[in-house]
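Understanding the architecture of this molecule
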Number of protein chains: 2
Amino acid sequence: MNWRERPDWRVYLVTDRELCLGRPLEDVVLRAVAGGATMVQLREKEASSRDFLALTRLLVRELHGRGVPLVVNDRADIALAGGAAGLHVGQSDLPPADARALMGPDALIGLSVENMAQLEAAQTWDVDYLGISPVWATPTKTDTAEPWGLDGLAEAGKRSRLPLVAIGGIHAGNAAEVIAAGADGLAVVSEICSAPDPEAAARFLRGLFRNIPPFRPSAASPHGRE
Amino acid sequence: MNWRERPDWRVYLVTDRELCLGRPLEDVVLRAVAGGATMVQLREKEASSRDFLALTRLLVRELHGRGVPLVVNDRADIALAGGAAGLHVGQSDLPPADARALMGPDALIGLSVENMAQLEAAQTWDVDYLGISPVWATPTKTDTAEPWGLDGLAEAGKRSRLPLVAIGGIHAGNAAEVIAAGADGLAVVSEICSAPDPEAAARFLRGLFRNIPPFRPSAASPHGRE
């Protein structure tokens, strides 16, 4: 299956085992997907490679049949061996060109950008979307740069041919503003992982996209705002 | 180049940036190779993927021209993107079969084994050598199992069709005993990384193999002790 043909990053769950309130990570992920999460990024910074791979395989089996791509954070080897749909890299991970060379032409590849210079540099690369990181400051990630803010996000939308997935401090109370500012997708960690009801949390976010189709890179005007 | 055809793990340096006494890692590695190190494993547990890849490429460029293979610890994606000769995996890293599938038929692949059951399980796998870990207890790695000891190493040699590279607590004062017990190679970390003169430290170890050829898997009796 070529996941690049029909990407849908509207409700994009990024996992964090530590934030799952003691619940098994895979349970939280499946509840989120039942609620309408459209993409999942598996992020494991502490797990051994062997455990990371086993979890990737488990989630690929559960999610791909449901039409939801699993993207692995940073580790192209885990993504490849696990049969994941793609890879997400940050600015200190594998360079996007190396990620693409390893993952092949059919893989979804995302890149986090922390400022406008990085966003503009990314426009010519063979990646599928950009993570706008962080929109707001957040306790989940402490190593990130100055937040983009809603104005920065809006400006990023004007300058990007690539779809934008916003991450950082997004919750039910501000998600609509993020979409209004031009985000093609909402990436959340604690908003779903730590929710009392991950399914309901995902359903709420998905509902905000009621009249907004998933970005389609094959459309005539790829970004809609160009 | 197919590094599997002529492997030589007699003096096998495993890197540890923290133990290099403030000297640049690449300088220590090149001094060790000048002294006779025959293989280098790049182990970076803290570096970002991007830095790890850049260092891999630098060392591949420096070492492969000198006929010394560079093997990457754990990260098959870094090994592949960096053009390394191979990959070394531990028991909680990628399973050997997945490592081989990712790395391809020409890559050198090593596997650490911590007990006889693991050593026996590894005999049917498509790996090139086994790391006998640890021979002795060592402050460098604190997460390892009960040491093999010299008697355990000797017994391992009788039960293994694969060449054995001993690691853990090896230094100039005991290295000859490790060879006498049947090790095909000596893997060292601090003995070279923290040596006042890494070149001299490597030269001493290499000298212990004066009358011992590198293991050759293509020989009629592959392990010599069978």
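A brief report on the enclosed structure follows. (Residues numbered from 1 in each chain as written. Chains lettered and ligands numbered in written order. Predicted model: local features only at pLDDT ≥ 70, side-chain atom pairs only at ≥ 80, totals over all residues. Heavy atoms only, no water.)

**Let's talk about the sheet that holds strand β5 (residues 108–113) of chain B**
All names here are of chain B. Taken in spatial order, the 8 strands line up as β1-β2-β3-β4-β5-β6-β7-β8 and close into a barrel, and their pairing is parallel. Neighbouring strand axes in the sheet, compared pairwise and without regard to direction, differ in orientation by 25 degrees on average. Of the strand pairs in this sheet, strand β3 (residues 70–73) and strand β4 (residues 86–89) are connected by 3 bridges, and their pairing is parallel. Pairing of Val71 across the sheet is with Gly86, part of β4. The strands touched by helix α2 (residues 49–64) within the sheet are β2 (39–42) and β3, with β3 carrying the most contacts at an inclination of about 160 degrees. Sheet contacts for helix α6 (residues 149–159): β6 (129–132) and β7 (164–167); angle to β7, the most-contacted strand, approximately 165 degrees. (Pairing = 2+ DSSP bridges. Helix = DSSP H or I, 4+ residues; strand = E, 2+ residues; numbered from the N terminus. Axes fitted to C-alpha atoms, helices over the stretch in contact; angles between N-to-C directions. Contact = heavy atoms within 4.5 Å.)

**What about the relation of the copies chain B and chain A?**
Once turned by 180 degrees and shifted 0.0 Å along the axis, chain B lies on chain A with an RMSD of 0.0 Å. The superposition operator between the copies reduces to a two-fold rotation axis. Across chain B, the smallest distance between a C-alpha and the rotation axis is recorded for Asp77 of chain B, namely 2.4 Å. Mapped onto chain A, 100% of the interface residues of chain B again fall at the interface, so both copies present the same surface. (Least-squares fit on C-alpha atoms with pLDDT ≥ 70 in both.)

**Section: the state of the cysteines**
Structurally, a disulfide amounts to a covalent bond that connects the sulfur atoms of two cysteines. All names here are of chain A. Summed over all chains, the structure comprises 0 disulfides over all chains. Its sulfur unpaired, Cys20 is 4.1 Å from the next cysteine sulfur, which belongs to Cys193. We classify Cys20 as buried; its relative accessible area is 0%. Cys193 sits in the buried class, given a relative accessible area of 0%. (Disulfide = S-S within 2.5 Å. Buried < 20%, exposed > 50% of the residue type's maximum accessible area, 1.4 Å probe, protein only.)

**Thoughts on the interface of chain B and chain A**
Contact with chain B, which involves 21 residues of that partner, is made by 21 residues of chain A. The contact between chain B and chain A buries some 1,600 Å² in all, and 55% of this surface belongs to carbon and sulfur atoms. A per-residue breakdown of the area chain B buries against chain A is headed by Arg50, Asp77 and Leu102 of chain B, which together make up 34% of the total. Counting across the interface, chain B meets chain A through 4 salt bridges. Across the pair Asp74 of chain B and Arg75 of chain A runs a salt bridge, and its minimum N-O distance is 4.0 Å. Between chain B and chain A we count 16 residue pairs in polar contact (both at pLDDT 80 or more) in total. At the level of secondary structure, the elements contributing two or more residues to the side of chain B that touches chain A comprise α2, α3 (76–82) and α4 (96–103) of chain B. The element best represented in the side of chain B that touches chain A is α3 of chain B, accounting for 5 residues. (Buried area = accessible area lost by both parts, 1.4 Å probe. Salt bridge = Lys/Arg side-chain N within 4 Å of Asp/Glu carboxyl O. Polar contact = N/O pair within 3.5 Å; in protein donor to acceptor, adjacent residues only side chain to side chain.)

**What about unusual backbone geometry?**
Residue and element names in this part refer to chain A. A cis amide bond links Ser133 to the next residue, Pro134, at an omega of -10 degrees. Positionally, Pro134 belongs in the loop between β6 (129–132) and α6 (149–159). Even without a glycine there, the phi angle at Leu21 is positive, about 55 degrees. Mapped onto the elements of the fold, Leu21 is located in the loop between β1 (11–14) and α1 (25–35). Judged by its relative accessible area of 55%, Leu21 is exposed. With phi around 75 degrees, Asp74 is a residue other than glycine that occupies positive phi space. Note that Asp74 resides in the loop between β3 (70–73) and α3 (76–82).

**A few points about the pairing of β4 of chain B**
Residues and elements named next belong to chain B. Neither face of β4 is open: one carries Gly86 and His88, the other Leu87 and Val89, and all of them are buried. Traced from β3 through α3 to β4, the parallel crossover comes out right-handed. Sheet topology note: the β4/β5 ladder contains 4 bridges and is parallel. When the sheet's bridge partners are listed, Leu87 is paired in β5 with Ile109. Taking the sense of rotation as the criterion, the β-α-β connection linking β4, α4 and β5 turns out right-handed. (Right-handed = clockwise from strand over helix to strand, strands pointing away.)

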